[in-house]
Amino acid sequence: MVLGRRLAGLSRRVARELALAGRLTVDGRRAPPSHRVRAGERLELAAPAAPAIAVEGPELLAATDAFVYVVKPAGLHTHRLRPDDPPALADRVAVDFPECVAAGLDAREGGAVHRLDRGTSGVVAFARTRAAFVAAREAFAAARVGKCYMAVTTCPFDHVWPPPPDLWLAPVSATTVEVRAPLGPGFGRDRMAVRRTGQPAHTRVEPHSPPGPRRLWSLELLTGRRHQARVHLAWLGLPILGDELYGGEPADRLYLHALRLDLSAAIAGELPITAPLPPAFAAALG
């Protein structure tokens, strides 16, 4: 609808949902989201009050002229998807760095230049200027951003590493392989899957603990497809601990952590930023 195109910080989807909930009026009368706007009409959209901003700030890793780097805890959204959602990481960043809100294209995103799944912890960058935001988004789109993750997976009893090479699996070193399995929509809501007709997706995988029923892995994401690390590990027969969507063993959290982020391809002089691995990862290995 037209309000979703004209109001900053309000998407068309959210505007439509509010209209369906009876919050849209035209010249004082309730109207559906399909209403065709005519010149001179007065449109009012009664959005619910935004939730109170969390008082506590995020765990700060670094702040440069271009970006603020913080730790996203597992279980917290990067930013709110709807105006009445609970406060997210972006709201916490805005408490100490209000300039981030104006840096992005949508105020709800708070200048976040990328997102992590709700269950994933680790480093997230927020732009402090519009120029930094645009440069970072372009670098992500061009797959020029360095991204390293750590994951704990369950391993089958006959697990052998490295696996033999095939069409979508190539050795990089004696211990590292590159998964090149393309990804596309899977069966069921919110699922992705390895598909021959999917988009190119490349992940380098290397073990960081001895063989056992659970194992710690380092993942270098050379592309940035949705659920890429989760699907590629599951495709290898190594589902992430806590990732029940892709066959993982139930756990207290998703054991996937964004360890390091390098935005030097977007802004010259930016250094790689690391979010220390949570202690729970070592404990999960037993």
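All values reported here derive from a predicted model rather than from experimental measurement.

Procedures and definitions
- Residues numbered from 1 in each chain as written.
- Predicted model: local features only at pLDDT ≥ 70, side-chain atom pairs only at ≥ 80, totals over all residues.
- Heavy atoms only, no water.
- Helix = DSSP H or I, 4+ residues; strand = E, 2+ residues; numbered from the N terminus.
- Buried < 20%, exposed > 50% of the residue type's maximum accessible area, 1.4 Å probe, protein only.
- Contact = heavy atoms within 4.5 Å.
- Areas by Shrake-Rupley, 256 points an atom, 1.4 Å probe, with all protein chains shown as cover.
- Salt bridge = Lys/Arg side-chain N within 4 Å of Asp/Glu carboxyl O.
- Phe/Tyr/Trp six-rings, centres within 6.5 Å; stacked < 30°, edge-to-face > 60°.
- pLDDT = per-residue confidence, 0-100.

**Student:** Explain the overall build of the protein chain here, please?
**Tutor:** Of regular secondary structure, the protein chain possesses seven helices and 15 strands. The 286 residues of the protein chain split such that 46% are buried. Considering only contacts in the protein chain between residues 6 or more positions apart, those separated by 24 or more positions represent 60%. When the accessible surface of the protein chain is totalled, it reaches about 14,500 Å², and 54% of it is carbon and sulfur.

**Student:** Looking at this structure, how should I read unusual backbone geometry?
**Tutor:** Negative phi values dominate among residues other than glycine, just as trans dominates among peptide bonds. Residues Trp161 and Pro162 are joined by a peptide bond in cis, for which omega reads 0°. Positive phi is not limited to glycine here, since His227 has a value of about 60°. Tracing the sequence through the fold places His227 in the loop between β13 (214-221) and α6 (228-235).

**Student:** Quick question: what am I supposed to make of the pattern of salt bridges here?
**Tutor:** A side chain of one charge can pair with a side chain of the opposite charge when the charged atoms of the two come close. Across all of its chains, the model carries 10 salt bridges by this definition. The salt bridge partner of Glu178 is Arg180, with a shortest N-O separation of 3.1 Å. Two residues, Arg214 and Glu249, come together in a salt bridge whose shortest N-O distance is 2.7 Å. Of this pair, Arg214 sits in strand β13 while Glu249 sits in the loop between α6 and β14 (256-262), placing them 35 residues apart in sequence. Accessibility expressed as a relative area gives 26% for Arg214, which makes it partly exposed. Residue classification places Glu249 among the partly exposed residues on the basis of a relative accessible area of 34%. The structure contains a network of salt bridges with shared partners spanning Asp117, Arg230 and Asp243.

**Student:** I would appreciate a short explanation of the packing of aromatic side chains in the present structure.
**Tutor:** Aromatic rings considered in pairs are described by the distance between their centres and by the relative angle of their planes. The final tally for this structure, using the stated rule, is four aromatic pairs. Considering the side-chain rings of Trp161 and Trp217, the 4.7 Å spacing of their centres and the 65° angle between planes classify their relative orientation as edge-to-face. Pair noted here: Trp161 is in the loop between β7 (146-154) and β8 (169-171) and Trp217 is in strand β13, with a separation of 56 residues, a long-range link. A relative accessible area of 16% places Trp161 in the buried class. On the basis of relative accessibility, which here comes to 0%, the residue Trp217 falls in the buried class. When the centroid spacing of 6.3 Å and the interplanar angle of 50° are considered together, the rings of Trp168 and Trp235 count as tilted. Linking Trp168 in the loop between β7 and β8 with Trp235 in helix α6, this pair joins segments that are 67 residues apart in sequence.

**Student:** Where do I start with helix α3 (residues 89-96) in this structure?
**Tutor:** Residue pairs spaced three or four apart in an α-helix point in one direction, given the helix's 3.6 residues per turn. Among the residues of α3, those classed as buried are Leu89, Ala90, Asp91, Arg92 and Val93. Summarising the contacts, the buried residues of α3 are in contact with β5 (67-72), α4 (99-103) and β6 (121-127).

**Student:** Looking at this structure, I do not really get the confidence of the model for the protein chain. What am I missing?
**Tutor:** The predicted model of the protein chain averages 89 in pLDDT, with 87% of residues at 70 or higher. Counting interchain partners and residues more than four positions distant, the pLDDT-below-50 stretch residues 49-55 has 16 contacts.

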